[in-house]
2 protein chains.
Amino acid sequence: MPETKTKKSEDFNEWYNEIVELADLCDKRYPIKGMNVWRPYGWKLMNNVDRLIRYEMEKTNHQEVYFPLLIPESFFKKEEEHIEGFGREVYWITHAGTNKLDERWLLRPTSETAMYPIFSLWIRSHTDLPLKTFQIVNTFRYETKQTRAFIRVREIHFFEAHTCHTDFEDAEQQVKEDKEVAERLLKKLCLPYILSKRPEWDKFAGAYYTISIDILMPSGRTLQIGSIHQYKDNFAKPYEISYETEDGSHKYCHQTTYGMSERLLGALIGVHGDNKGLVMPPEVAPIQVVIIPIIFKGKEKNVLDACNELHKKLTEDHIRSHVDDREITPGNKYYDWELKGVPLRVEIGPRDVENKEIVVVQRNSGKKRSILQETAVQTIKKELDTIAHTLFTNAKNLLDENMQRVQTIDEAKERKGIIEIPWCGNEDCAMELENILEGNTLGEPIDREACKHACPVCGGAAKTWMRFAKTY
Amino acid sequence: MPETKTKKSEDFNEWYNEIVELADLCDKRYPIKGMNVWRPYGWKLMNNVDRLIRYEMEKTNHQEVYFPLLIPESFFKKEEEHIEGFGREVYWITHAGTNKLDERWLLRPTSETAMYPIFSLWIRSHTDLPLKTFQIVNTFRYETKQTRAFIRVREIHFFEAHTCHTDFEDAEQQVKEDKEVAERLLKKLCLPYILSKRPEWDKFAGAYYTISIDILMPSGRTLQIGSIHQYKDNFAKPYEISYETEDGSHKYCHQTTYGMSERLLGALIGVHGDNKGLVMPPEVAPIQVVIIPIIFKGKEKNVLDACNELHKKLTEDHIRSHVDDREITPGNKYYDWELKGVPLRVEIGPRDVENKEIVVVQRNSGKKRSILQETAVQTIKKELDTIAHTLFTNAKNLLDENMQRVQTIDEAKERKGIIEIPWCGNEDCAMELENILEGNTLGEPIDREACKHACPVCGGAAKTWMRFAKTY
């Protein structure tokens, strides 16, 4: 079988750049750098991920809203840290038709400053709380670093949940719920991940604290796919989001946000793919089962009937399947669907029809076996579960093998991936470690553990373990 | 029961403006005029309409894509009529962060100029045709007229299908398919409509011809909710969308588009609503059945059990229901759900439980009757069908009563709504009629009928009947 031009194992980044176009996920030829065209196959994949997100949001009583894309400059500037953090990377609208606008508008880089003035109108009393909303929209950031499909783009498909609470503790409960949502969702994408509490100097602009959700790519770099922010009342004060308590006094709300982006696709492409192309987690695969008729002259009808019959049964059981009856060789079909990462291939030939069997082939392992037609739907479901389990296990092994706790700089330098090293709590020491390791500070484990060792930079007592990695 | 402040029958426009906010569809307090916040209830309604559109698109083998929001000025300017038509109503991005852009970008007012340069890369051979794509995105137009929620806004939730064909005839087949899609979709929204071929001077910028889809609002004004365009090769030439034929020669594609917007919501709000609020067509109602427990002390459990049991059964049958167990009076609940237009209300009290019955009340007619619990799901389905049928019939009567064929200007002046009048084919005569009737030219019936009468302006032989109406 032909494979992708670049081998994943040899040059991950180049393989990645190639596969996103070869597998018809996106088209990078749009003339604005970092703004790609979503092709039907890629958009279906994104929609399937969005579907899972909506399912989780509904389950946790979040309500979907849609706020305008454009934000007046005066709205944007109310929270000082926020404007400092984002001011340099927003797009400005200055003209409508031939008129110059009285006030500049910007394209949302994230929606706090569009939503919060309106939240202050929606929330009056403690009975309006908690307010749990989310939206799935495109956001815009003027990235100056090198762009990469789904990973670093300028028009970003984005999920953002925004919640308001009576107090800090209730907002903390929300953070807990968000972590549970992440756990369930990422399990469905077969993606193991780590949660890190971001260092003070690298938290979200305006947040009290930020938890980042990172996955490890096979290149040894981490990819931040989401974040959960506790805002305390940092935004509620400038945007005047307050409520009347039961005893008639007025308090500011405490807020949280939870964001994830199309980087989820970047992660699942990078983690699960191989030299033959994509490998889709069954839960989000646009096509879960592709059915290939193996046709010999004179037997076409029987074989095609069997294929269509199976397709029908799978559809009834809500399994997304497709019969590929194009007039090309089976080998060419295998190649196409392996490239696109369809988790399970079914082959049906005349002999299979006679034996009342079908052949199933796992995309990830290449494992091939005959199964009975009669129980095919049940067996296929099990096969899909097995594939998901294997994808997750392989990814977990990759993460475990490449995340190590060390005590000295020399040890750290020897390792690839994510290292955890004692840290005294000083930014200077973290910066020094970033320089030495040519990496970034990810943050500390969210459940801070006692670390009895010395900071390898200053020799002072460590307050915690701190994580470092090269990042996307 | 309390009603909306303004009566629909007395001041339709004011009633409309009120109801969209009272019923929690949108919030108009966002500080950019014509850019409203979609509240959860309104967004669910829009999503339900989008779901129907996606269903139709899938059925007709269109593939969903997503093209970037931003369009470089040079792309936009390739088709001359198009830039003339839209140039004055686009928003311009001139800066990214603190940098001035080398070339200005605009927010898509519609996506021809974003898509077609890429289509020219996707299409090489006749085997790539037809190319049938669509996207559901937000578009942006700098409206200078008075804005109105869902009807005239500046950020527009928009469906746009774009297709490429081998020749004019194949594109004509697409127009035919589009009309069938409109027929099926609008039937589900209980909206009768008319199709008119736009006059030359009012067709879409760049189109060969435009068919507009209009509905009649109870105010007597028409609302254009969609349009179907035949482009011929008008865009294919400047954007170089060509293909190799079977005999090896090269030809330009012929193209069509089909667009509809959130105006669909404006239409169903306006046409079906009444003095008590919205009336949702069952097919897209966020909640189709609201179940209200009529609770008396000591009997709560039985009643709530019966409510929850029915909710469960309806859910299993894919009917969207909601049990309103808030601690307020049933009367207040009726008011809320009537305002929000839930098509069917179920009331269950202790006596109903004893009699193994439930009470159903149609939102549109107020008709109330007891039905058997045992066959409740089937009966409720029939009730919903009846409601849909009645909504459509009422709207059809409204349209029929307010669309009249006349021969003279005096007759025309006496009528409300849509008039059809003989027309000689000259723009000047149409403009004169617009002035006299204080209305707009809608277009001629799409199947041109012989009209033996004289043009009432110039007295010349009429070529066709022409439609005029006041419009939104």
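Residues numbered from 1 in each chain as written. Chains lettered and ligands numbered in written order. Predicted model: local features only at pLDDT ≥ 70, side-chain atom pairs only at ≥ 80, totals over all residues. Heavy atoms only, no water.

This paragraph deals with the overall build of chain A. Helices and strands together make up the secondary structure of chain A, namely 13 helices and 23 strands. For 472 residues, the compact-globule estimate of 2.2 N^0.38 gives 23 Å, and chain A sits close to it at 25 Å. For chain A, the C-alpha atoms occupy an extent of roughly 80 × 55 × 50 Å along the three principal directions. By the burial criterion, 58% of the 472 residues in chain A qualify as buried. For chain A, long-range pairs separated by at least 24 residues make up 68% of all intrachain contacts whose partners lie at least 6 apart in sequence. For chain A, the distance from the average position of its 66 positive side-chain charges to the average position of its 75 negative side-chain charges is 4 Å. (Helix = DSSP H or I, 4+ residues; strand = E, 2+ residues; numbered from the N terminus. Rg over C-alpha atoms; globule rule 2.2 N^0.38 Å. Buried < 20%, exposed > 50% of the residue type's maximum accessible area, 1.4 Å probe, protein only. Contact = heavy atoms within 4.5 Å. Lys, Arg positive; Asp, Glu negative; His and termini not counted. Charge placed at Lys NZ, Arg CZ, Asp CG, Glu CD.)

A word on helix α7 (residues 263-272) of chain A. Here α7(A) lies mainly inside the structure; 10 of its 10 residues are buried. Among the residues of α7(A), A:Arg263, A:Leu264, A:Leu265, A:Gly266, A:Ala267, A:Leu268, A:Ile269, A:Gly270, A:Val271 and A:His272 are the ones counted as buried.

Overlaying chain B with chain A gives an RMSD of 0.0 Å, the required rotation being 180 degrees about an axis along which the chain moves by 0.0 Å. What we have between these two chains is a two-fold relation. Relative to the rotation axis, the C-alpha of B:Ile93 is the closest in chain B, positioned 2.2 Å from it. Residue by residue, 100% of the interface of chain B is reproduced at the interface of chain A, so both copies engage with the same surface. (Least-squares fit on C-alpha atoms with pLDDT ≥ 70 in both.)

Here we come to the interface of chain B and chain A. The partner chain A presents 47 residues to the 47 residues of chain B that form the contact. Carbon and sulfur atoms make up 67% of the surface buried where chain B meets chain A, a total of about 4,400 Å² over both sides. The tally of links from chain B across to chain A stands at 0 salt bridges. For the pair chain B and chain A, the number of links is 25 residue pairs in polar contact (both at pLDDT 80 or more). Counting only elements with at least two residues in the side of chain B that touches chain A, the list comes to β2 (37-38), α2 (40-59), β3 (63-64), β4 (70-72), β5 (91-96), β6 (99-107), α5 (112-122) and β7 (131-140) of chain B. The element that contributes the greatest number of residues to the side of chain B that touches chain A is β5(B), accounting for 6 residues. The residue inventory of the side of chain B that touches chain A, partitioned by class, reads 30 nonpolar, 8 polar and 9 charged. Here strand β5 (residues 91-96) of chain A pairs with β5(B) via 5 bridges, running antiparallel. When the bridges of β5(B) are listed, A:His95 appears paired with B:Trp92. (Buried area = accessible area lost by both parts, 1.4 Å probe. Salt bridge = Lys/Arg side-chain N within 4 Å of Asp/Glu carboxyl O. Polar contact = N/O pair within 3.5 Å; in protein donor to acceptor, adjacent residues only side chain to side chain. Nonpolar A, V, L, I, M, F, W, Y, C, P; charged D, E, K, R; others polar. Pairing = 2+ DSSP bridges.)

Another aspect to go through is the pattern of salt bridges. Residues and elements named next belong to chain A. Counting across every chain of the model gives 54 salt bridges over all chains. Residue aspartate 305 pairs with lysine 301 through a salt bridge whose shortest N-O separation is 2.6 Å. Separated by 4 residues within a single helix, aspartate 305 and lysine 301 lie in helix α8 (residues 300-316), roughly one turn from each other. Accessibility expressed as a relative area gives 58% for lysine 301, which makes it exposed. Salt bridges sharing common partners tie together Glu338, Arg345, Glu347 and Lys368.

Attention now moves to the pairing of strand β19 (residues 368-372) of chain B. Residues and elements named next belong to chain B. As paired elements, strand β18 (residues 357-362) and β19 share 5 bridges and run antiparallel to each other. Looking at the pairing, glutamate 357 lines up with leucine 372 of β19. The turn joining β18 and β19, which pair antiparallel and follow one another in sequence, is formed by 5 residues; a positive phi near 75 degrees is taken by glycine 366.

Another point: the sheet that holds strand β16 (residues 321-323) of chain A. All names here are of chain A. With mixed pairing, the 5 strands of this open sheet are ordered in space as β16-β15-β17-β18-β19. At either margin of the open sheet sits one strand with a lone partner, and together these are β16 and β19 (368-372). On average, adjacent strands in this sheet sit at an angle of 25 degrees to one another, irrespective of strand direction. For strand β15 (residues 289-293) and strand β17 (residues 344-348), the ladder comprises 5 bridges, and the chain directions are parallel. Bridge pairing links valine 289 to leucine 344 in β17. Across the face of the sheet, α8 comes into contact with β15, β16, β17 and β18 (357-362) while running at roughly 165 degrees to β15. Strands in contact with helix α9 (residues 330-339) are β15, β16 and β17; relative to β15, the strand with the most contacts, it is inclined by about 170 degrees. (Axes fitted to C-alpha atoms, helices over the stretch in contact; angles between N-to-C directions.)

Okay, helix α6 (residues 168-188) of chain B next. Note: α-helices contain 3.6 residues per turn, so residues at a spacing of three or four share the same orientation. Residues and elements named next belong to chain B. Over its 21 residues, α6 runs 31 Å from end to end, which matches the ideal 30 Å to within 8%, given 1.5 Å per residue. Among the residues making up α6, those that are buried are Ala171, Gln174, Val175, Glu177, Asp178, Val181, Ala182, Leu185 and Leu186. The buried residues of α6 occupy one face: seen down the axis, they fall within an arc of 165 degrees. At the C-terminal side of α6, cysteine 190 shows a positive phi close to 60 degrees. (Expected span 1.5 Å × (residues − 1). Arc of directions from axis to C-beta.)

Residue and element names in this part refer to chain A. Backbone torsion omega between leucine 129 and proline 130 reads -5 degrees, so that peptide bond is classified as cis. Structurally, the position occupied by proline 130 is in the loop between α5 (112-122) and β7 (131-140). Located in the positive-phi region is aspartate 24, a residue other than glycine, with phi close to 65 degrees. Among the residues examined, aspartate 24 registers a relative accessible area of 25% and is labelled partly exposed. Within the chain, glutamate 240 stands out as a residue other than glycine whose phi angle is a positive 55 degrees. Counting through the fold element by element, glutamate 240 comes out in the loop between β11 (222-232) and β12 (242-244).

With that out of the way, let us pick up the packing of aromatic side chains. The description of an aromatic ring pair uses the distance of the two centres, along with the angle that the planes make with each other. All names here are of chain A. Summed over all chains, the structure comprises 46 aromatic pairs over all chains. Among the aromatic side chains, those forming a connected cluster through ring pairs are Phe67, Phe86, Tyr116, Phe119, Trp122, Phe204, Tyr231, Phe235 and Tyr239. Here lysine 78 stacks its cationic end above the ring of phenylalanine 75, 5.6 Å away from the centre of that ring. (Phe/Tyr/Trp six-rings, centres within 6.5 Å; stacked < 30°, edge-to-face > 60°. Lys NZ or Arg CZ within 6 Å of the ring centre and 35° of its normal.)

Attention now goes to the sheet that holds β19(B). Residue and element names in this part refer to chain B. One open sheet holds the 5 strands; their spatial order is β16-β15-β17-β18-β19, and the pairing between them is mixed. Pairing within the sheet leaves two strands with one partner each, and these edge strands are β16 (321-323) and β19. Taking each pair of neighbouring strands and ignoring which way they run, the sheet shows an average axis angle of 25 degrees. In terms of strand pairing, strand β17 (residues 344-348) meets β18 through 4 bridges, oriented antiparallel. Pairing of glutamate 347 across the sheet is with valine 359, part of β18. Most of the contacts of helix α8 (residues 300-316) go to strand β15 (residues 289-293), to which it runs at about 165 degrees, and overall it touches β15, β16, β17 and β18. Contacting β15, β17, β18 and β19, helix α11 (residues 376-401) crosses the sheet at an angle of about 10 degrees to β18.

Let us now look at the side chain of A:Asp178. Residue and element names in this part refer to chain A. By the element assignment, aspartate 178 lies in helix α6 (residues 168-188). For the buried aspartate 178, no salt bridge is present, and the opposite-charge side chain at shortest range is lysine 132, 7.2 Å distant. Contacts of aspartate 178, omitting those with residues within four sequence positions, involve Ile228, Thr256, Thr257 and Tyr258.

Glancing now at the state of the cysteines. What we call a disulfide is simply a covalent bond connecting the sulfur atoms of a pair of cysteines. Residues and elements named next belong to chain B. The full count for this structure, using the stated rule, is 0 disulfides over all chains. The thiol sulfur of cysteine 253 is not disulfide-bonded, and the nearest other cysteine sulfur, from cysteine 164, lies at 5.1 Å. Classification of cysteine 253 as buried rests on a relative accessible area of 0%. (Disulfide = S-S within 2.5 Å.)

Membership of the largest hydrophobic core comes to 87 residues, with the highest contact counts inside it found for A:Leu107, B:Leu70 and B:Leu107. Excluding its chain neighbours within four sequence positions, the residues that come into contact with B:Leu70 are A:Tyr30, A:Ile32, A:Met35, A:Leu107, A:Phe140, B:Ile93, B:Trp105, B:Leu106 and B:Leu107. (Core = buried A, V, L, I, M, F, W, Y, C linked by side-chain atoms within 4.5 Å.)

What follows is about the packing of helix α2 (residues 40-59) of chain A against α7(A). Residues and elements named next belong to chain A. One can describe the packing of α2 onto α7 by two numbers: an axis separation of 10 Å at closest approach and a directional angle of 110 degrees. Judged by the inter-axis angle, α2 sits roughly perpendicular to α7. Here the hand of the crossing between α2 and α7 comes out right-handed. Facing Gly42, Leu45, Met46, Val49 and Ile53 of α2, the residues of α7 in contact are Leu264, Leu265 and Leu268. (Parallel < 35°, antiparallel > 145°, perpendicular 65-115°, else oblique. Left-handed = near helix turned anticlockwise from the far one by under 90°.)

Looking now at the packing of α2(B) against α6(B). Residues and elements named next belong to chain B. Relative orientation of the contacting elements α2 and α6 amounts to 150 degrees, with a least axis distance of 10 Å. The angle between α2 and α6 falls in the class roughly antiparallel. Between α2 and α6 lies a crossing of right-handed hand. Contacts between α2 and α6 pair Leu52, Ile53, Tyr55, Glu56, Met57 and Lys59 from the former with Val181, Arg184, Leu185 and Lys188 from the latter.

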